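What the coordinates show
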Amino acid sequence: MTTGSREEILHRIRKGLGRGEGGGHVDSEAPLPQNTGPSSGTGEKRSDLAGVFAESLTGVNTSVYSASGRDAVLEFIRSFVREKGADSFSIWETEFLKSLGIKESLEVAGLAVKSAENKAGMALSSVGITEADYAIADTGTLVLLSGPERPRGVSLIPPTHLAIVRKENILSDISELFDKLNQLHENQEPIPACTTFVTGPSRTADIELNLTLGVHGPKELYVLIVF
Amino acid sequence: MNFERDSARAVEDKNLQRALVNVTDRFRAARKRASDETPGWDGLRNRAREIKKQTIAHLDDYLLQLEENVRKSGGHVHWARDGEEARNIIIDIARRNGVKSVVKSKSMATEEIELNLGLEAAGIRAVETDLGEYIIQLAGEHPSHIIAPAIHKTRHDISELFAEKLGVPYLSEPQELTKVARERLRDEFLGAGMGVSGANFGVAETGTIVIVENEGNARLTTTVPRIHVALMGIEKLLPRFGDLSLFLPLLVRSATGQKTSTYISLITGPRRGADKDGPEEFHLVLLDNGRSGILANPETRESLYCIRCGACLNNCPVYRKVGGHSYGWVYSGPIGAIINPQLMGIDEAPELPFASSLCGACRDVCPVKIDFPKVLLELRSEVVTRKEKTGGASALLESLSFKFWRAVVTHRKIYELALRFSYYAQRPWKTRKARGGGLRSLPYPFSRWTDERDFPAVSETPFRERWKKMKRRDGGAP
Ligand code: SF4
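Residues numbered from 1 in each chain as written. Chains lettered and ligands numbered in written order. Predicted model: local features only at pLDDT ≥ 70, side-chain atom pairs only at ≥ 80, totals over all residues. Heavy atoms only, no water.

The helix and strand tally for chain B stands at 23 helices and 10 strands. For chain B, the C-alpha atoms occupy an extent of roughly 90 × 55 × 50 Å along the three principal directions. Classification of the 478 residues of chain B by burial places 56% in the buried group. When contacts within chain B are restricted to residue pairs at least 6 apart in sequence, those whose partners lie at least 24 apart make up 71%. On chain B, roughly 20600 Å² of surface is accessible, and the fraction owed to carbon and sulfur atoms is 53%. Averaging the coordinates of the 72 positive side-chain charges in chain B and doing the same for the 61 negative ones gives two points 8 Å apart. (Helix = DSSP H or I, 4+ residues; strand = E, 2+ residues; numbered from the N terminus. Buried < 20%, exposed > 50% of the residue type's maximum accessible area, 1.4 Å probe, protein only. Contact = heavy atoms within 4.5 Å. Areas by Shrake-Rupley, 256 points an atom, 1.4 Å probe, with all protein chains shown as cover. Lys, Arg positive; Asp, Glu negative; His and termini not counted. Charge placed at Lys NZ, Arg CZ, Asp CG, Glu CD.)

Attention now moves to the interface of chain B and chain A. Across the contact, 96 residues belong to chain B and 80 residues belong to chain A. Surface buried jointly by chain B and chain A totals about 7500 Å² across both partners, of which 57% is contributed by carbon and sulfur atoms. Counting the surface chain B buries against chain A, the share from its top three residues, Trp79, Arg219 and Lys276 of chain B, is 10%. Summed over the shared surface of chain B and chain A, the number is 9 salt bridges. (Buried area = accessible area lost by both parts, 1.4 Å probe. Salt bridge = Lys/Arg side-chain N within 4 Å of Asp/Glu carboxyl O.)

Let us now look at a nonpolar patch on the surface. On the surface, a cluster of nonpolar side chains totalling about 430 Å² of accessible area is made up of Phe402, Trp405, Val409 and Tyr415 of chain B. Positionally, Val409 of chain B belongs in helix H19 (residues 393–409). (Patch = residues over 30% accessible without salt bridge, like charges linked within 9 Å, V, L, I, M, F, W, Y side chains within 5 Å.)

Take the pattern of salt bridges next. Pairing is possible between side chains of opposite charge, provided their charged atoms come close. In the structure shown here, the tally under the stated rule is 46 salt bridges over all chains. Arg19 of chain A is paired through a salt bridge with Asp60 of chain B; the nearest N and O atoms lie 2.9 Å apart. Of the two residues, Arg19 of chain A sits in the loop between helix H1 (2–16) and helix H2 (43–47) while Asp60 of chain B sits in helix H4 (residues 59–72), which places them in two different chains. Owing to a relative accessible area of 23%, Arg19 of chain A belongs among the partly exposed residues under this scheme. For Asp60 of chain B, a relative accessible area of 0% puts it in the buried group.

Residues and elements named next belong to chain B. For strand S6 (residues 208–213), the buried fraction is high: 6 of the 6 residues fall into the buried class. On S6, burial covers both faces: Thr208, Val210 and Val212 on one face and Ile209, Ile211 and Glu213 on the other are all buried. With 3 bridges connecting them, strand S5 (residues 201–203) and S6 associate as antiparallel partners. By the bridge assignment, Gly202 is partnered in S6 with Ile209. Between S5 and S6, which pair antiparallel in sequence order, lie 4 residues; one of them, Gly207, sits at a positive phi of approximately 70°. (Pairing = 2+ DSSP bridges.)

Glancing now at the packing of aromatic side chains. All names here are of chain B. Using the criterion set out here, one finds 13 aromatic pairs over all chains in the structure. Pairing Tyr134 with Phe162 gives two aromatic rings, centres 6.1 Å apart and planes at 70°, and the pair type is edge-to-face. Placement of Tyr134 in helix H8 (residues 131–139) and of Phe162 in helix H9 (residues 155–166) is noted, with a sequence separation of 28 residues between them. Just as Tyr134 is buried, Phe162 falls in that class too. Just above the ring of Tyr263 sits the side chain of Arg219; from NZ or CZ to the centre is 4.9 Å. Over the ring of Tyr331 we find Arg308, and its NZ or CZ is 4.6 Å from the ring centre. (Phe/Tyr/Trp six-rings, centres within 6.5 Å; stacked < 30°, edge-to-face > 60°. Lys NZ or Arg CZ within 6 Å of the ring centre and 35° of its normal.)

A few words now on the nonpolar core. The biggest cluster of nonpolar side chains holds 104 residues, and the ones touching the most others in it are Phe178 of chain A together with Leu244 and Leu248 of chain B. No fewer than three residues from each of domain 1 (1–37 + 306–390) and domain 2 (38–289) of chain B sit in this core. Those residues in contact with Leu248 of chain B that lie beyond four places of it in its chain are Ile174, Phe178 and Phe197 of chain A together with Phe201, Val210, Val212 and Ile264 of chain B. Ala137, Leu142 and Val154 of chain A together with Leu171 of chain B belong to the second-largest nonpolar core, a separate cluster that totals 71 residues. (Core = buried A, V, L, I, M, F, W, Y, C linked by side-chain atoms within 4.5 Å. Domains from an automatic or database assignment.)

Before going further, it helps to examine the sheet that holds strand S4 (residues 194–197) of chain B. Residue and element names in this part refer to chain B. On the basis of which strands lie adjacent, the open sheet formed by 6 strands has the order S1-S10-S7-S4-S2-S3 and parallel pairing. Strands with a single pairing partner mark the edges of an open sheet, and in this sheet they are strand S1 (76–80) and strand S3 (125–128). Pairwise comparison of adjacent strand axes, ignoring direction, gives a mean angle of 20° for this sheet. When S1 meets strand S10 (residues 281–287), the two strands line up parallel, connected through 5 bridges. Bridging across to S10, His78 finds its partner in Val285. Sheet contacts for H4: S1, strand S7 (227–233) and S10; angle to S1, the most-contacted strand, approximately 145°. (Axes fitted to C-alpha atoms, helices over the stretch in contact; angles between N-to-C directions.)

Each turn of an α-helix holds 3.6 residues, which means side chains three or four residues apart point in the same direction. Residue and element names in this part refer to chain A. The first and last C-alpha atoms of helix H4 (residues 70–84) sit 21 Å apart over 15 residues, in line with the 21 Å expected at 1.5 Å per residue. Among all positions of H4, only Val73, Leu74, Phe76, Ile77, Phe80 and Val81 are buried. Down the axis, H4 shows its buried residues gathered within 160° of arc, on one side only. The exposed set on the far side of H4, more than 90 degrees from its buried face, consists of Asp71, Arg82 and Glu83. The inward-facing, buried residues of H4 contact strand S1 (63–67), helix H5 (95–100), helix H6 (102–108), strand S4 (127–131), strand S7 (160–166) and strand S12 (220–226). Among the residues trailing H4, Gly85 stands out with phi positive, at a value near 65°. (Expected span 1.5 Å × (residues − 1). Arc of directions from axis to C-beta.)

Close contacts around the ligand come from Cys306, Ile307, Arg308, Cys309, Gly310, Cys312, Ile335, Cys366, Pro367, Ile370 and Phe372 of chain B, and that covers them all. Each residue belonging to the shell around the ligand can be placed in one class, and the counts come to 9 nonpolar, 1 polar and 1 charged. (Near = heavy atom within 4 Å. Nonpolar A, V, L, I, M, F, W, Y, C, P; charged D, E, K, R; others polar.)

Our focus in this paragraph is the domain arrangement of chain B. All names here are of chain B. Segmentation of chain B into domains returns domain 1 (1–37 + 306–390), domain 2 (38–289) and domain 3 (412–473). Distance from the C-alpha centre of domain 1 to the C-alpha centre of domain 2: 23 Å. Taken residue by residue, the interface counts 38 residues in domain 1 and 35 residues in domain 2. Its largest share of buried area at the contact with domain 2, domain 1 owes to Ile307, Arg308 and Lys369, together 20% of the area lost on that side. At the junction of domain 1 and domain 2, the tally comes to 2 salt bridges. Partitioning the side of domain 1 that touches domain 2 into residue classes produces 22 nonpolar, 7 polar and 9 charged.

This paragraph deals with the confidence of the model for chain B. Per-residue pLDDT for chain B averages 91, and the proportion of residues at 70 or more is 97%. Predicted complex, confidence summary: ipTM 0.95, pTM 0.90. (pLDDT = per-residue confidence, 0-100.)

On to the side chain of Thr212 of chain A, then. As for its placement among the helices and strands, Thr212 of chain A is situated in strand S11 (residues 212–213). Overall, the relative accessible area of 4% leaves Thr212 of chain A in the buried class. The residues touching Thr212 of chain A, leaving out its near neighbours within four places in the chain, are Ser202, Arg203 and Thr204 of chain A together with Pro174, Gln175 and Thr178 of chain B.

Turning next to unusual backbone geometry. Comment: phi is negative for the bulk of residues other than glycine, and the bulk of peptide bonds are trans. All names here are of chain B. In the Ramachandran plot, Glu114 falls in the positive-phi region, its phi being about 50° despite a non-glycine side chain. Tracing the backbone through its elements, the reader meets Glu114 in the loop between helix H6 (108–112) and helix H7 (115–121). Residue classification places Glu114 among the partly exposed residues on the basis of a relative accessible area of 43%.

The next point concerns the pairing of S4 of chain B. All names here are of chain B. Residue alternation in S4 divides its side chains into two sets, Met194 and Val196 and Gly195 and Ser197, and both sets are buried. Strand direction decides the pairing type here: strand S2 (residues 101–104) and S4, joined by 3 bridges, are parallel. The residue of S4 that forms the bridge with Val102 is Met194. Bridge count between S4 and S7: 4 bridges; the pairing is parallel. Across the sheet, the residue bridging to Gly195 is His228, located in S7.

In structure tokens form, the structure reads like this:
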């Protein structure tokens with residue numbers, strides 16, 4: 001019986017800690033120490049976050065490109081799928097990606113769009129395209145918040161993942177990211193069901209410590225920074 | 001368990017010895033580089049330790065807060081006193097939903113409760129999806145390292161294993177082997193009704209559980225099947241969401257030396273209303289299984305601060321020689337030496353607190369600065385006190401010899417005589433000389449020492465006399 005177990009575990013904990021039933025008051029004791037993580041944001045680095053981000057990405061087997069303006073972005077994506085020999089794709093439908101019209105442009109180019117609702121179908125799609133909500137320059141990390149128009153499978157199931165990052169969403173380090181995420185919560189936006197940090201393509205070293213890419217997730221990761 | 005027998009076997013295993021050196025050297029060097037490159041590393045460790053300390057001191061309150069927030073986000077919370085109860089909870093969820101097969105991502109807690117055996121006994125297939133764990137499962141073995149579970153297997157072993165179990169041709173390249181596993185496991189993900197994961201952290205403030213990985217199998221496990229069950233030890237809590245900005249870098253950099261891992265998933269409840277994917281049901285199982293008992297002793301309580309990075313294993317001279325299987329249970333290395341006896345009961349693993357040279361290398365690298373030598377000594381004293389209570393010839397002999405030893409070393413004349421005596425007494429054994437002029441084997445009871453290591457021989461001229469000579473020669477203090 002879980003209810004009984006719950007009470008018993010709580011009782012054991014309180015007994016172990018030498019406290020009475022009903023628990024203590026967390027905030028009555030010494031306050032928790034500050035929790036900022038390692039920072040890397042020197043003033044100099046902060047002036048060129050996109051540059052630092054690009055460098056970090058290169059260090060984790062990720063190719064990085066940049067483009068400015070709608071036409072340049074669409075041109076890049078069309079030639080990207082051509083080079084990959086892609087015949088299908090799945091895509092996030094964020095406001096920004098919709099405003100660029102990527103989905104329509106690829107459909108015109110003859111690629112089939114796969115919905116995330118059909119997992120088996122998505123496994124067959126060649127490219128997944130997302131927009132990272134944030135990026136961390138220091139580590140080359142993409143931060144993807146899940147939502148109705150932002151299915152998790154798009155960055156996970158197809159063999160190639162292309163993430164689009166708006167320059168203004170590149171943050172310096174992980175502490176800055178958590179400040180942003182905390183702000184979202186304070187503004188009463190419900191925390192998404194899944195927040196995913198992606199740094200490089202899927203990898204393993206489980207066989208004799210040999211680095212092998214694409215063991216479960218995408219084998220290739222590309223990032224397009226939009227200025 | 002039998003540490004003496006299993007470690008002796010491990011030392012003879014050439015493949016294992018080579019693998020252990022490779023993996024621990026690689027991780028050690030990477031951890032060192034990553035921590036050196038992180039500004040203020042030591043300060044970060046101090047803060048993390050303090051946060052863990054306060055979390056554990058209010059574990060009940062934070063658990064209740066976590067429970068409330070998981071529920072608010074639409075998830076279910078279950079409490080399990082022990083492994084059996086946790087197994088039954090998970091089997092029950094599977095049965096209620098008609099689940100026939102389960103995919104699993106790497107989790108020490110599920111190893112701890114032997115979930116796979118339980119599921120199989122209930123007629124439910126369980127498939128490990130982390131590549132290393134998948135290999136281990138096919139071979140019917142146990143993980144040998146927290147982070148790299150299959151390091152004791154060579155590519156040749158794995159090729160043969162895949163050929164035998166999966167019916168594929170003999171493939172020698174890790175790339176090819178990995179591809180086979182990817183294809184097989186993709187089918188498993190698509191066919192599974194339930195995914196079971198562990199949790200690296202649980203955040204009380206938001207009801208979020210966090211999973212750190214490189215492969216993406218944990219993401220698939222928590223995204224594709226209709227139900228996601230996470231099993232988490234009750235000590236894995238963090239109070240605040242923002243604490244992750246401190247603990248995630250500490251964990252990853254200590255574990256593999258990467259600046260960050262490939263994937264980190266922050267999961268808060270099941271999929272939301274209009275979401276197109278993600279599990280429809282989310283269950284969090286909170287596992288006690290002996291953890292609350294550790295709280296009772298303030299001297300060893302800090303064992304619960306551990307974030308399972310594996311750094312202490314890689315830096316432990318004992319682990320590097322004997323490997324993970326010698327520790328008799330899921331946790332190995334220094335953390336296994338302190339946590340196995342406390343979780344299983346000290347009578348189940350009385351050898352483990354002694355499986356250490358007390359060098360403190362583990363304490364120096366631990367991201368939450370667990371004071372291993374202190375905890376080990378505390379556990380040793382517990383073992384000895386119990387042995388004395390239960391009596392037995394060896395306990396009596398041990399306590400007598402220490403009394404004798406004290407009498408000898410506290411009386412100078414007797415000490416000098418004893419040394420003289422020992423010098424002559426050791427002669428019959430000095431023929432079998434060991435490296436450095438030690439004694440290789442001695443009769444019982446001294447064989448208890450020399451079975452495992454050489455005993456330094458007593459020198460003909462005691463140091464005392466050599467010292468006097470040196471002083472005379474140099475005309476004063478050297
Ligand atoms: S005891 Fe410390 S070093 Fe060892 S696994 Fe736990 S956190 Fe890591």
